[in-house]
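# Descriptive analysis of the structure
One letter stands for each residue in the lines below.
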Amino acid sequence: MTHVTRRANRLALPAIFAIALLGGCATGGHVPGNIHFHKERLTQYHESGNYERDIAKVADDANAWLAQRLKTPGKHAVVFDIDETALSNWPSIKANDFGWITGGDCKISDKGEVSKPCGLGPWIRMGRAEAIKPVLAVYQTARKMGADVFFITGRPDLPAFREATEKNLRAAGFTEWAGLHLKPTGQKLDTIAYKSGERKRIESEGWKVVASVGDQQSDLDGGYAERVFLVPNPFYYVP
Ligand SMILES: [Mg+2]
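Residues numbered from 1 in each chain as written. Predicted model: local features only at pLDDT ≥ 70, side-chain atom pairs only at ≥ 80, totals over all residues.

### Remarks on the overall build of the chain
- Helix and strand content of the chain: 9 helices and 7 strands.
- Considering only contacts in the chain between residues 6 or more positions apart, those separated by 24 or more positions represent 69%. (Helix = DSSP H or I, 4+ residues; strand = E, 2+ residues; numbered from the N terminus. Contact = placed C-beta atoms within 7 Å.)

Here's what the structure looks like:
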């Protein structure tokens, strides 16, 4: 650093602090970005196809792993989460403008228009969610190579949800599974404890979980999977 630039820095720093201080006074100093623009970015991310392309990159890794790993003989299991992993709830997310609305009603017109809002519970019970295609391809790789598939979901284990989930999975192309684990109602376990506990149970029954695929870190943490694959989901968070 030359003498001249050191001197310039000595002059500049107080000026920067002064500007920051004034800016802080004017705005409160800690105003987060406006939510409207973040919603716009999320919508653009989904509708541009970048969301699905990013999922496809993760799915490619999962397919490559399974193609290699499932060559080895054994009783192998591949575990999938459901929401925003196997199935997309985008019509409900969009209709709710990124609000987490679980109750209320949801209607779909003859033209396929989704009511605003569209409660997540009623939406799920309609069984209209479409497959997330790159993940469907991972499912197909698993089945083709002889692995058994398990779904472990935070959806409540109630008859209406189980029936709708089975119907929806089949309609979306996930046609068979060795287990569909919905979360027992009233269970106090958090997601990591619940999901890793279910994987532990699958392994105690003789399977080796070679891959676990989910859209939340909480789908994947807690062990009992050789490899985990996290597909992007910037639309909501499940701790
Ligand atoms: Mg999910």
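### A few points about the nonpolar core
- By size, the foremost hydrophobic cluster in this structure holds 35 residues, and its most contacted members are Ala77, Val78, Val79, Phe80, Ala86, Val135 and Val213.
- Secondary-structure elements contributing two or more residues to this core are helix 3 (50–69), strand 1 (76–80), helix 6 (133–144), strand 4 (148–156), helix 7 (159–172) and strand 6 (208–214).
- Of all the elements, helix 3 adds the most residues to this core, at 5 residues.
- Residue contacts for Phe80: discarding those within four places in its chain leaves Thr85, Ala86, Val135, Tyr139, Val149, Phe151 and Val213.
- If you look at the next biggest cluster of nonpolar residues, it comprises 8 residues, including Ala95, Ile101, Ile124 and Ala164. (Core = buried A, V, L, I, M, F, W, Y, C linked by C-beta atoms within 7 Å. Buried ≥ 20, exposed ≤ 12 C-beta atoms within 10 Å, placed from the backbone.)

### Points about the sheet that holds strand 7 (residues 227–230)
- Reading across the sheet, the 5 strands line up as 5-4-1-6-7 and stay open at both edges, with parallel pairing between neighbours. On the outer flanks of this sheet lie strand 5 (179–183) and strand 7, each paired with one strand and no other. The sheet shows a mean angle of 20° between the axes of neighbouring strands, taken without regard to direction.
- With 4 bridges connecting them, strand 1 and strand 4 associate as parallel partners. Within strand 4, the position partnered with Val79 by the bridge is Phe150. (Pairing = 2+ DSSP bridges. Axes fitted to C-alpha atoms, helices over the stretch in contact; angles between N-to-C directions.)

### A look at the pairing of strand 4
- Taken together, the 4 bridges between strand 4 and strand 5 define a ladder with parallel strand orientation. Considered in strand 5, the bridge of Phe151 is made with Leu180.
- Once the chain exits strand 4 it traverses helix 7 before rejoining the sheet at strand 5, and the crossover so formed is right-handed. (Right-handed = clockwise from strand over helix to strand, strands pointing away.)

### What to know about the packing of helix 3 against helix 6
- Relative orientation of the contacting elements helix 3 and helix 6 amounts to 10°, with a least axis distance of 8 Å. With respect to helix 6, the element helix 3 is oriented roughly parallel. Residues Glu52, Ile55, Ala56, Ala59, Ala62, Asn63, Leu66 and Ala67 of helix 3 pack against Pro134, Val135, Ala137, Val138, Thr141 and Ala142 of helix 6.
- When grouped by side-chain class, the residues that make up the contact of helix 3 with helix 6 number 11 nonpolar, 2 polar and 1 charged. (Parallel < 35°, antiparallel > 145°, perpendicular 65-115°, else oblique. Nonpolar A, V, L, I, M, F, W, Y, C, P; charged D, E, K, R; others polar.)

### Digging into the environment of Lys71
- On the secondary structure map, Lys71 appears in the loop between helix 3 and strand 1.
- Between the alpha carbons of Lys71 and Gly146 there is a distance of 9.2 Å; along the sequence they are 75 residues apart.

### Thoughts on unusual backbone geometry
- Along the chain, Lys116 connects to Pro117 via a cis peptide bond; the corresponding omega equals 0°.
- With respect to the helices and strands, the residue Pro117 is situated in the loop between helix 4 (90–95) and helix 5 (120–126).
- Even without being glycine, Glu84 reaches a positive phi, approximately 60°.
- Tracing the backbone through its elements, the reader meets Glu84 in the loop between strand 1 and strand 2 (87–88).
- Of note in this structure, Asp97 is not a glycine but carries a positive phi near 50°.
- Structurally, Asp97 is set in the loop between helix 4 and helix 5.
- On the neighbour-count criterion, Asp97 (13 C-beta atoms within 10 Å) is partly exposed.

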